[in-house]
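# Residue-level structural notes
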There are 2 protein chains.
Amino acid sequence: MNLGDQWAAQHAALDWQFKALPAIGEPVALDAVGAHGWSILREDVMLPAAVLRTEALHHNSRWMRRFTELAGVRLAPHGKTTMSPALFDLQLADGAWGITAATPAHVRIYRQHGVRRILLANQLIGRQGVAYVAAEMARDPDFDFYCLVDSIAAVDALDAALVACQPGRPMQLLVELGITGGRSGARDDATAIAVARAVSASPRLSLRGVEAFEGILQGQGVAGEPGMRNVLDRMVVVAAACRAENLFDGVPILSAGGSSFFDVVTKTLSAAEPLSCEVVLRSGCYLVHDSGYYADLVERLIARSPEAAELGEGLRPALEVWAYVHSRPERGRVIAGLGRRDISDDTRMPKPLLYARPGDAQPSSLGPGHATMRLDDQHAYLDVPEDSPLQVGDLIAFGISHPCTTFDRWPALYLVDEARAIIGAIRTFF
Amino acid sequence: MNLGDQWAAQHAALDWQFKALPAIGEPVALDAVGAHGWSILREDVMLPAAVLRTEALHHNSRWMRRFTELAGVRLAPHGKTTMSPALFDLQLADGAWGITAATPAHVRIYRQHGVRRILLANQLIGRQGVAYVAAEMARDPDFDFYCLVDSIAAVDALDAALVACQPGRPMQLLVELGITGGRSGARDDATAIAVARAVSASPRLSLRGVEAFEGILQGQGVAGEPGMRNVLDRMVVVAAACRAENLFDGVPILSAGGSSFFDVVTKTLSAAEPLSCEVVLRSGCYLVHDSGYYADLVERLIARSPEAAELGEGLRPALEVWAYVHSRPERGRVIAGLGRRDISDDTRMPKPLLYARPGDAQPSSLGPGHATMRLDDQHAYLDVPEDSPLQVGDLIAFGISHPCTTFDRWPALYLVDEARAIIGAIRTFF
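- As named in an unreviewed UniProt entry, chain A is Amino acid deaminase, taken from Sphingomonas cavernae.

Rendered as structure tokens:
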């Protein structure tokens, strides 16, 4: 790891390139942001601005630490949600086993920030991606890297590439299981076991476990649960078959777990305990949570899971995007100054939660009947009650649904306290 | 303008923060990218990668230059589409009157790159936004700035803020007209004229024209056209009323024109010629165009408009995103390594257009039956014919629909020739 680069990235200044920087002034070093005493409610920064409520972040991080400790599983939170090394540090400090990545470019960003153990929850495909990982393995004997494979074709391609790249030790692979009609992953156990045999047969590859991503079924709600349980059961069957053929190197890893079924994943895969596997969850959204899609899914999870219920208060929404009321051209319609370039709309529309008039010391709740009906690139269309207090120039806080697709709109986010005073900032790397 | 900053931004190096950088090596200065001889088809950069076909870009820029010359209108292309100063330079070189912005943060980015005339096609709301524009007006007497206003409340707020900010000359405003159920803009002519009077009455404000954004109706197809013609007719009526009351300073501006109706806008507003207005279009998507939504809309435009038909070949799609085949877990299903973090899906799904096997000198067309069915954050699900040639490790080029929401996924894009050799790169600022 290049410490110069690491320092530069962590301490990067915010300048005119950052859309929520205050209007006037010099670039501000990231670690000096908190010292300026800026406040969202005092209009000290340009809006729209994305903010992370730090109390909620820390609560959520501790909540997941306690859940995984109670459940006896490991956590490699999906870093793609936030792509923010400062938040990875928080997750690692709260006991995370490693950080999950989605692409070779993610791996490169994580490595620049010193992440030692990375699970690439994806196939490793393409000349540059393989070359990067192999070079990094060769350079740093402590780099503990895992990725997925779901076909003989991919095993052969990776094996051939590693002949040329020479990482100096076998690359650790998990066989991926998938669901008919779904994403990657072997559709039947026989294919998965054939892939496992091919991995085990190569001196350049090491079979370390079995993987699935049950989260693709979460959109189906309760109807998706049987399919989800089925793929988890198949993981146990395939792992047992690989164990019987002695294909694994070391203690096998069973890895699954999006952000909505991790209780069921934990329970099902722990039933494979006679295999002495390590169970690795990969939830990414728990840290930031949301005010919509995942809020409902995790509420269902807590109702289902005695371990989660035991933890008391559930996850809190940590992310808000603040924007101005630009216009109220009809009594029942407000146009606000944020759009799909500022906030996610891929699962549900942003939720108007709070408002403040310039000068207010605290935000107030918006009553019922305020809802986002449409997002353009840079505008939101709100339906509001005829007697809504909103007027031109007011500030609105929007709750989000699906943090991943809000984070990637922001090269930096402000850290705030409950009065929305800005106490810091973090960078993201998309 | 701080020339040091300008230089730094234009000449910024691409480093590990950029997801499509080659695996190994030092940061590469933006203006040195072309000298490396990289090629998409030779897998010289990490994928996914977004590329701009330079021949198509130049063709489209010339096409719009000729259209606006034939039609006798001015063009302030919407810079929010690309947020790329290198492309603004191309548009200005091809005769653009100015660049349109959507937010005060856009204005700041444009100003850092030396854009002299900016039309903020939005209300200017909030302490920081007003402060930035006013300070920039005070600093540079050549800065020619325009923005919109649609309510007395907004006029009063802006007027009060300018008392404190002291830009040194009146701020130039266009009254915005809107459509019931639509975005910002006065819903009736009486309100618009009252707003115009309030602007004209303030020594800190200058009424310069009338504006509408007819593009919000484009999603309704032909059914939206009567509403669109109606709002354009209203612009002429309101401008005539303001002229009759002598509310305008200078030659009034009539500005409208998204990327799909600019022919009708031109024809209708030019009928206001007895007013001696300047007509300013704001189309943003023409330069890059697409392979979906706007392709169909502009085809309809060309069928409708003799001026456009006279220009010969229409607009070409300039933007592609390249990604790998990760898996073909069923004969009819391909999983590719790009997702909604890499390409837009807000109007239509990405279109698989071309493929290449590593080593191919030229890409080949994908036959019929290849279609994107779903995007996750980092994966695409394709339906493919049983006899599709695609296999793990192949490269696919996806055509896009709606350039704005693909550009904002990319801090930089490669410039390519028709063989997809990389001849340069441009930065974007989101």
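## A short note on the nonpolar core
- Judged by nonpolar contacts, the single largest core of 279 residues is most densely connected at Met171 and Tyr414 of chain A together with Met171 and Tyr414 of chain B.
- Setting aside anything within four residues of it in sequence, one finds Met171 of chain B in contact with Leu124, Val133, Met137, Phe145, Cys147, Leu158, Leu162, Arg204, Leu205 and Ser206 of chain B.

## Some points on the sheet that holds strand E11 (residues 278-281) of chain A
Residue and element names in this part refer to chain A.
- Read across the sheet, 8 strands follow the order E4-E11-E10-E9-E8-E7-E6-E5 without closing on themselves; strand pairing throughout is parallel. Only two strands of the sheet have a single neighbouring strand rather than two, namely strand E4 (74-75) and strand E5 (99-101).
- The pairing of E4 with E11 spans 2 bridges and is classified as parallel. Pairing of Leu75 across the sheet is with Leu281, part of E11.

## Re the pattern of salt bridges
All names here are of chain A.
- Taken as a whole and judged by the stated rule, the model has 64 salt bridges over all chains.
- We note a salt bridge from Glu211 to Arg282, for which the minimum N-O separation is 2.6 Å. Of this pair, Glu211 sits in strand E9 (residues 205-212) while Arg282 sits in the loop between E11 and helix H10 (293-304), and the two are 71 residues apart along the sequence. Across this residue pair, the class does not change: Glu211 and Arg282 are buried.

## Let's talk about the sheet that holds strand E6 (residues 117-123) of chain B
All names here are of chain B.
- Here we have 8 strands laid out as an open sheet, ordered E4-E11-E10-E9-E8-E7-E6-E5, and parallel in their pairing. Edge positions in the sheet fall to strand E4 (74-75) and strand E5 (99-101), since each has one partner strand and no second.
- Packed onto the sheet, helix H9 (residues 262-270) meets strand E10 (253-256) and strand E11 (278-281) and runs at close to 170 degrees relative to E11.

## Examining the domain arrangement of chain A
- Domain boundaries assigned for chain A yield domain 1 (8-54 + 316-427) and domain 2 (116-283).
- Using only C-alpha atoms to locate each centre, domain 1 of chain A and domain 2 of chain A end up separated by 39 Å.

## Quick word on the layout of surface pockets
- Here the second largest pocket defines a volume of roughly 730 Å³.
- Taken together, 44 residues make up the lining of the second largest pocket; nearest its centre are Phe213, Gly215 and Gln218 of chain A together with Arg374 and Asp376 of chain B.
- Tallied by class, the residues present in the lining of the second largest pocket amount to 14 nonpolar, 18 polar and 12 charged.

How each quantity is defined
Residues numbered from 1 in each chain as written. Chains lettered and ligands numbered in written order. Predicted model: local features only at pLDDT ≥ 70, side-chain atom pairs only at ≥ 80, totals over all residues. Heavy atoms only, no water. Core = buried A, V, L, I, M, F, W, Y, C linked by side-chain atoms within 4.5 Å. Buried < 20%, exposed > 50% of the residue type's maximum accessible area, 1.4 Å probe, protein only. Contact = heavy atoms within 4.5 Å. Pairing = 2+ DSSP bridges. Helix = DSSP H or I, 4+ residues; strand = E, 2+ residues; numbered from the N terminus. Salt bridge = Lys/Arg side-chain N within 4 Å of Asp/Glu carboxyl O. Axes fitted to C-alpha atoms, helices over the stretch in contact; angles between N-to-C directions. Domains from an automatic or database assignment. 1 Å grid on protein atoms, 1.4 Å probe; cavity = no way out; pocket = protein on both sides within 12 Å on 5 of 7 lines; lining within 4 Å. Points joined across faces, edges and corners; volume = space filled by probe spheres on them. Nonpolar A, V, L, I, M, F, W, Y, C, P; charged D, E, K, R; others polar.

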